[in-house]
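# Observations on chain architecture
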Amino acid sequence: MAGLRFSNQGQSLSPLLQAVEARLQEMGSDQAGALGVYAGHMIRAGGKRLRPLLVILCSGIDDPVCQPLIDIATAAELIHTASLIHDDILDQAATRRGIPTLNRLQGNHTAVLAGDLLFATAFGLLARAHCSGALAVMTDAIRDMCQAEIEQKEALFQFSVTEGMYLSRIEKKTASLLAACCSAGALAGGQAPEAVASLAAYGRNLGLCFQITDDLLDFTGDSATLGKPSGSDLAQGILTLPVIYLLNNIAFEQGSEIAIERHPTPNPDQARLQEIARQASTGGRGCSLHDQEYIKQAVCDSPTLSMAYRKALYFAQEAAGYLDGFAPEKSCTALLGLVDQVLQRHR
Ligand code: FPP
Ligand code: MG
């Protein structure tokens with residue numbers, strides 16, 4: 001499995017990942033009834049296929065026709081796709097992966113049901129795989145994701161949000177599913193309990209790193225490259241790490257200990273930021289486009305983006321550390337490579 005890529009465009013896909021991709025394309029085809037016609041819209045749009053890749057790599061299996069593993073890996077991608085379809089409904093998003101969202105094309109009614117259809121299909125595959133451990137970790141992750149979405153809604157424009165609250169939310173929103181993919185693959189592959197735990201911890205830290213870099217891209221990326229509008233977090237009131245650092249006037253952290261110190265000189269205008277925060281949390285929860293632009297500019301002019309990147313780096317190092325006990329086999333090397341690829345997404 002050497003040279004596995006973080007993209008389904010590469011030529012070095014493992015036969016197992018190719019089997020998953022073939023299964024996904026089959027489900028997303030027009031011949032697959034409502035699943036293909038509606039949910040297939042998002043499946044066909046592609047994506048990184050990071051979750052099936054984690055399932056496969058953590059299993060240690062390289063039998064290209066291992067059906068239970070193909071089922072679990074396919075289910076992981078379907079659960080992820082369903083969550084994005086539902087997320088786009090909640091966010092009223094118009095584009096994802098460079099194409100119009102299902103809610104934009106078909107309306108919320110159809111989009112909710114298409115997401116549900118994907119869930120049902122995913123659980124059918126998990127049941128068929130006869131791996132109760134994989135089923136359990138996947139359902140736990142979905143519970144975490146739903147809880148995170150509720151917390152995220154409750155925290156909209158709440159400028160008092162702390163770094164700890166943010167990390168706890170992204171752990172449930174994103175890291176939990178990546179950890180579940182790693183555990184599910186490891187359990188399906190019959191890995192020892194300590195290995196399952198280490199791989200889950202790897203996935204959790206990779207997920208934290210992934211979401212922080214994703215949140216950075218909302219400031220630094222452009223809509224064409226991202227395939228979705230940039231700047232949408234702040235517009236929706238979702239406060240991410242750079243804004244949290246800015247609002248708390250936190251200007252640097254030290255080493256990998258994540259000890260945070262307060263900056264000695266207020267920069268930018270803290271009084272203005274506090275007034276924006278006060279108005280946003282008291283006056284109908286929102287801030288004007290003008291104020292959003294001020295915050296965005298202040299973030300971009302301050303060290304907060306590089307501080308947030310350093311936090312991502314910290315979780316990347318933690319993730320890599322959990323692979324230390326594994327023999328340097330091809331799949332372990334590929335897992336290490338994924339850490340670098342996730343980190344490199346930030347610009
Ligand atoms: C995308 O993140 C969204 C998620 C990672 C989770 C969405 C979860 C739900 C909608 C809960 C329901 C889910 C299930 C599995 C039942 P983002 O909003 O930060 O990224 P984006 O900018 O790509 O939208
Ligand atoms: Mg979203």
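Residues numbered from 1 in each chain as written. Chains lettered and ligands numbered in written order. Predicted model: local features only at pLDDT ≥ 70, side-chain atom pairs only at ≥ 80, totals over all residues. Heavy atoms only, no water.

### Brief notes about the overall build of the chain
Heads up, the condition is: Runs of H or I in DSSP of at least four residues are treated as helices and runs of E of at least two as strands, each being numbered from the N terminus. Buried, partly exposed and exposed residues are distinguished by accessible area as a fraction of the type maximum, computed with a 1.4 Å probe on protein chains only: under 20%, between the cut-offs, and over 50%, respectively. Two residues form a contact once any of their heavy atoms are found within 4.5 Å.
Scanning the chain for helices and strands turns up 16 helices and four strands. Out of the 347 residues belonging to the chain, those deemed buried represent 50%. Sequence separation of 24 or more characterises 73% of the internal contacts of the chain that already satisfy a separation of 6 or more.

### Structural notes on the site of ligand 1
Quick note on the threshold: Summary of the distance rule: residues count as near a molecule or strand when at least one heavy atom falls within 4 Å of that molecule or strand. Between N or O atoms, a polar contact is any pair within 3.5 Å; within protein, one atom must be a potential hydrogen donor and the other a potential acceptor, and residues adjacent in sequence are included only when both atoms are from side chains. Lys, Arg, Asp and Glu make up the charged group, whereas Ala, Val, Leu, Ile, Met, Phe, Trp, Tyr, Cys and Pro make up the nonpolar group; the residues left over, Gly among them, are polar.
Around ligand 1, the structure places 16 residues, and the nearest of them are Asp87, Arg96, Phe119, Lys173 and Lys228. Between Asp87 and ligand 1, the recorded distance is 2.9 Å, taken from a side-chain N or O atom to an oxygen atom. Between ligand 1 and Arg96 there is a distance of 2.7 Å, counted from an oxygen atom to a side-chain nitrogen or oxygen. Those elements giving two or more residues to the shell around ligand 1 turn out to be helix 4 (67-91), helix 7 (132-154), helix 8 (163-188) and helix 9 (193-220). The element contributing the most residues to the shell around ligand 1 is helix 4, with five residues. Of the residues that constitute the shell around ligand 1, the class distribution is six nonpolar, three polar and seven charged.

### A closer look at the coordination of the magnesium ion (ligand 2)
What counts here: The donor set covers N, O and S atoms within 2.8 Å of the metal, switching to 3.2 Å for Na, K and Ca, and it leaves out water, so a site may look short of donors.
All of the protein donors around the magnesium ion (ligand 2) are Asp87 (OD) and Asp91 (OD); their distances to the metal are 2.2 Å. In this pair, Asp87 and Asp91 both sit in helix 4, four residues apart, roughly one turn of the helix. According to the relative accessible area criterion, Asp91 is partly exposed, its value standing at 24%.

### A look at the nonpolar core
As a rule of thumb, soluble globular proteins bury nonpolar side chains together. Worth spelling out the cut-off: Side-chain atoms within 4.5 Å are what join buried Ala, Val, Leu, Ile, Met, Phe, Trp, Tyr and Cys residues into a set we call a nonpolar core.
Leu54, Met138, Tyr202, Ile212, Ile295 and Leu335 are the most contacted members of the largest nonpolar core, which has 101 residues in total. With twelve residues, helix 4 is the single largest residue contributor to this core.

### Notes on the pattern of salt bridges
Oppositely charged side chains may form a pair once their charged atoms are brought near each other. Convention followed: A carboxyl oxygen of Asp or Glu within 4 Å of a side-chain nitrogen of Lys or Arg is what we treat as a salt bridge.
Applying the stated criterion across every chain, the model contains eleven salt bridges. In this structure, Arg23 and Glu26 form a salt bridge, with 3.2 Å as the shortest nitrogen-oxygen distance. One end of the pair, Arg23, and the other, Glu26, are both in helix 1 (residues 15-27), three residues apart, so they sit about a helical turn from each other. Note that Asp88 and Arg96 form a salt bridge whose closest N and O atoms lie 2.9 Å from each other. For Arg96, a relative accessible area of 12% gives the class buried. A cluster of three or more residues bridged by salt bridges with shared partners is formed by Glu21, Arg49 and Glu77.

### What to know about helix 6 (residues 108-128)
Keep this limit in mind: Here the expected length of a helix is defined as 1.5 Å per residue gap, with one fewer gap than residues.
Taking 1.5 Å per residue, 21 residues should reach 30 Å; helix 6 reaches 30 Å between its end C-alpha atoms and fits that length. His130 sits one or two residues past helix 6 and shows a positive phi near 50 degrees.

### Some words on the packing of aromatic side chains
For the record, the criterion: Think of it this way: a Phe, Tyr or Trp ring, Trp meaning its six-membered ring, pairs with another when their centres are within 6.5 Å, and the plane angle makes it stacked under 30 degrees, edge-to-face over 60, tilted otherwise. For a Lys NZ or an Arg CZ to count as sitting over a ring, it must be within 6 Å of the ring centre and within 35 degrees of the ring normal.
Under the definition given, this model contains one aromatic pair. An angle of 70 degrees between the planes, with centres 5.1 Å apart, marks the rings of Tyr314 and Phe315 as edge-to-face. The exposure class of Tyr314 is buried, given its relative accessible area of 17%. Accessibility expressed as a relative area gives 9% for Phe315, which makes it buried. In this arrangement the basic side chain of Arg51 is found over the ring face of Phe210, its NZ or CZ atom lying 5.8 Å from the centre. Positioned above the aromatic ring of Tyr294 is the side chain of Arg272, whose terminal nitrogen or guanidinium carbon lies 3.9 Å from the ring centre.

### So, the confidence of the model for the chain
Test applied: How sure the predictor is of each residue is captured by pLDDT, a score from 0 to 100.
Here the chain averages 87 in pLDDT, while 89% of its residues score no lower than 70. Taken as a whole, residues 1-11 scores under 50 in pLDDT and shows 35 contacts with residues more than four places along the chain or in a different chain. Of the regions scoring below 50 in pLDDT, residues 251-266 engages in 32 contacts with residues more than four places distant in sequence or in other chains.

### Focus on helix 13 (residues 270-282)
Cut-off, in case you're wondering: In this description, one arc is meant: the one made by directions from the helix axis to the C-beta atoms.
With 13 residues, helix 13 should reach 18 Å at 1.5 Å per residue; the first-to-last C-alpha distance of 18 Å fits that figure. Here helix 13 has its buried residues at Gln270, Leu273, Ile276, Ala277 and Ala280. On an axial view of helix 13, the arc spanned by its buried residues comes to 120 degrees, and they lie on one face. Residues of helix 13 that are exposed and angled more than 90 degrees away from the buried face: Ala271 and Thr282. The elements touched by buried residues of helix 13 are helix 12 (241-247) and helix 14 (289-301).

### A word on the state of the cysteines
Put simply, the rule reads: When two cysteine sulfur atoms are found within 2.5 Å, that pair is recorded as a disulfide.
Within the structure shown, the criterion is met by zero disulfides. Left unpaired, Cys58 is separated from the closest cysteine sulfur, that of Cys182, by 3.7 Å. For Cys58, a relative accessible area of 1% gives the class buried.

### With respect to the environment of Gly207
Tracing the sequence through the fold places Gly207 in helix 9. Classification of Gly207 as buried rests on a relative accessible area of 0%. With 36 residues separating them along the chain, Gly207 and Glu171 place their C-alpha atoms 7.2 Å apart. Excluding residues that lie within four positions of it along the chain, Gly207 makes contacts with Thr174, Ala175 and Leu178.

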